[in-house]
Amino acid sequence: MIDERKNRQPTVVVIDDDHGVREALKGLFESVGLSAETHGSVKEFLAADDPEKAGCIVLDIRLPGQGGLEFQEALAKSDFPRSVVLISAHVDVPMAVRAMKAGAIDVLSKPVREQDLLEAVNRAIANDAARREERTARASSQARYLTLTDRERQIMKLVIAGKLNKQIAAELQLAEPTVKLHRGHMMRKMKATSVAHLVKISDVLL
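The shown structure was predicted, so the numbers you read here are calculated from the model rather than taken from an experiment. (Residues numbered from 1 in each chain as written. Predicted model: local features only at pLDDT ≥ 70, side-chain atom pairs only at ≥ 80, totals over all residues. Heavy atoms only, no water.)

A.B. asks: Sorry if this is basic, but what is going on with the pattern of salt bridges here?
C.D. replies: Close approach of charged atoms lets side chains of opposite charge pair. All chains considered together, the criterion is met by 15 salt bridges. The partner of Glu73 in a salt bridge is Arg98, and the shortest N-O contact between them spans 2.6 Å. In this pair, Glu73 sits in helix α4 (residues 68–77) while Arg98 sits in helix α5 (residues 93–101), placing the two residues 25 residues apart along the sequence. Accessibility expressed as a relative area gives 22% for Glu73, which makes it partly exposed. The exposure class of Arg98 is partly exposed, given its relative accessible area of 33%. For Asp128, the salt bridge identified is with Arg131, shortest N-O distance 3.5 Å. Of this pair, Asp128 and Arg131 both sit in helix α6 (residues 114–145), separated by three residues, roughly a single helical turn. The exposure class of Asp128 is buried, given its relative accessible area of 2%. When salt bridges that share partners are traced, they join Asp16, Asp60 and Lys110 into one network. (Salt bridge = Lys/Arg side-chain N within 4 Å of Asp/Glu carboxyl O. Helix = DSSP H or I, 4+ residues; strand = E, 2+ residues; numbered from the N terminus. Buried < 20%, exposed > 50% of the residue type's maximum accessible area, 1.4 Å probe, protein only.)

See below:
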C-alpha cells in the first residue's frame, strides 16, 4: 500500500548536469508542495528510475552521454512514455520543433522563468495522470474482454457495428431470445450501461 501511494504521488524528476541548477529547481518545486528528485545524467536517472512512478521529467537538452532530445525520443517510443519538459541555454527552432513532435510538453530557455516552468510542470503532471488513467482503463477493459465467450465476442462486435438483435440473430443463425441472452451476459461482463458506452469501451480496448 505504501508503494502504491508513492507511485500515485507525482514526482518532478530533474535531470541536469549542473549541480546548482538541480538544487535550485528542486527547491522551487518543493516550495510549492511538489515532490522532487535530481540526477546529473540520463545514465544516473535510469539506474534509479521506477517507470511506474507518477509525475514528469524536467530534462536539460545538453547532457553528458545521452542527450536530452535523444532520451526524450527514446522515452516516447518505450513501454512507459513520460511527460517531459525540456530546458536549455541554447534553444533554436529546429530543436524545439523536434522536441514537440516527440511529445514534449514544453521547451524552455535558460534562465527559466519560475512561473513558466511551474505552469509547464503542472501541464506535464496532468498529462501524465491522464495517460495513466487511460492505460488503467485499457487494461481493465482488456481483462473483462478476456472473460467473454467466443459467441459473446461475436455479438459484441455486431452490437458495436449497430446491428439490432433481429439482424444479429439472422447473421449468426440463432434465435432472437438466444441473442438477447448472450448480449445481456456480454454487457454485464463488459460493465457497459448502453450501446454508446460499449462503443466507448471498445475504443479504449482497441
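Text resumes after the structure shown.
A.B. asks: How should the pairing of strand β1 (residues 11–15) be read in this particular structure?
C.D. replies: When a strand is regular, its side chains alternate between the sheet's two faces. With five of five residues buried, β1 lies mostly within the body of the structure. Where burial is concerned, the two faces of β1 agree: the one with Thr11, Val13 and Ile15 and the one with Val12 and Val14 are both buried. Pairing between β1 and strand β2 (residues 35–39): five bridges, direction parallel. Along β2, the bridge assignment pairs Thr11 with Ser35. Note on the crossover from β1 through helix α2 (residues 19–31) to β2: the handedness is right-handed. Of the pairings in the sheet, the one linking β1 to strand β3 (residues 55–60) comprises five bridges and is parallel in character. Bridge pairing links Val12 to Cys56 in β3. (Pairing = 2+ DSSP bridges. Right-handed = clockwise from strand over helix to strand, strands pointing away.)

A.B. asks: Looking at this structure, I do not really get the nonpolar core. What am I missing?
C.D. replies: In a soluble, globular protein the nonpolar side chains are often hidden away together inside. Val12, Leu25, Phe29, Val58, Val85, Leu117 and Val121 are the most contacted members of the largest nonpolar core, which has 19 residues in total. Those elements that place two or more of their residues in this core are β1, α2, β3, β4 (84–88) and α6. Looking at this core element by element, the count peaks at six residues for α6. When residues no more than four places from it in sequence are discounted, the contact partners of Val85 are Ile57, Val58, Leu59, Ile105, Asp106, Leu108, Leu117, Ala120, Val121 and Ala124. Listed in part, the 17 residues of the second largest apolar core include Val13, Leu69, Phe71 and Leu86. (Core = buried A, V, L, I, M, F, W, Y, C linked by side-chain atoms within 4.5 Å. Contact = heavy atoms within 4.5 Å.)

A.B. asks: Whenever I open this one, the pairing of strand β5 (residues 106–109) confuses me. Can you help?
C.D. replies: Across four bridges, β4 lies against β5 in parallel orientation. Bridge pairing in β5 places Ile87 opposite Leu108. Viewed along the sheet, the connection from β4 through α5 into β5 turns out right-handed.

A.B. asks: Hey, could you run me through the sheet that holds β2 in this one?
C.D. replies: Whenever strands of a sheet pair, they do so through backbone hydrogen bonds, lying parallel or antiparallel. Strands sit in the order β2-β1-β3-β4-β5 across an open sheet of five strands; the sheet is parallel. The open sheet has two edge strands with one neighbour each: β2 and β5. Each strand of the sheet is rotated relative to its neighbour by a mean of 20°, with strand direction disregarded. Running at roughly 170° to β2, α2 makes contact with β1, β2, β3 and β4 of the sheet. (Axes fitted to C-alpha atoms, helices over the stretch in contact; angles between N-to-C directions.)

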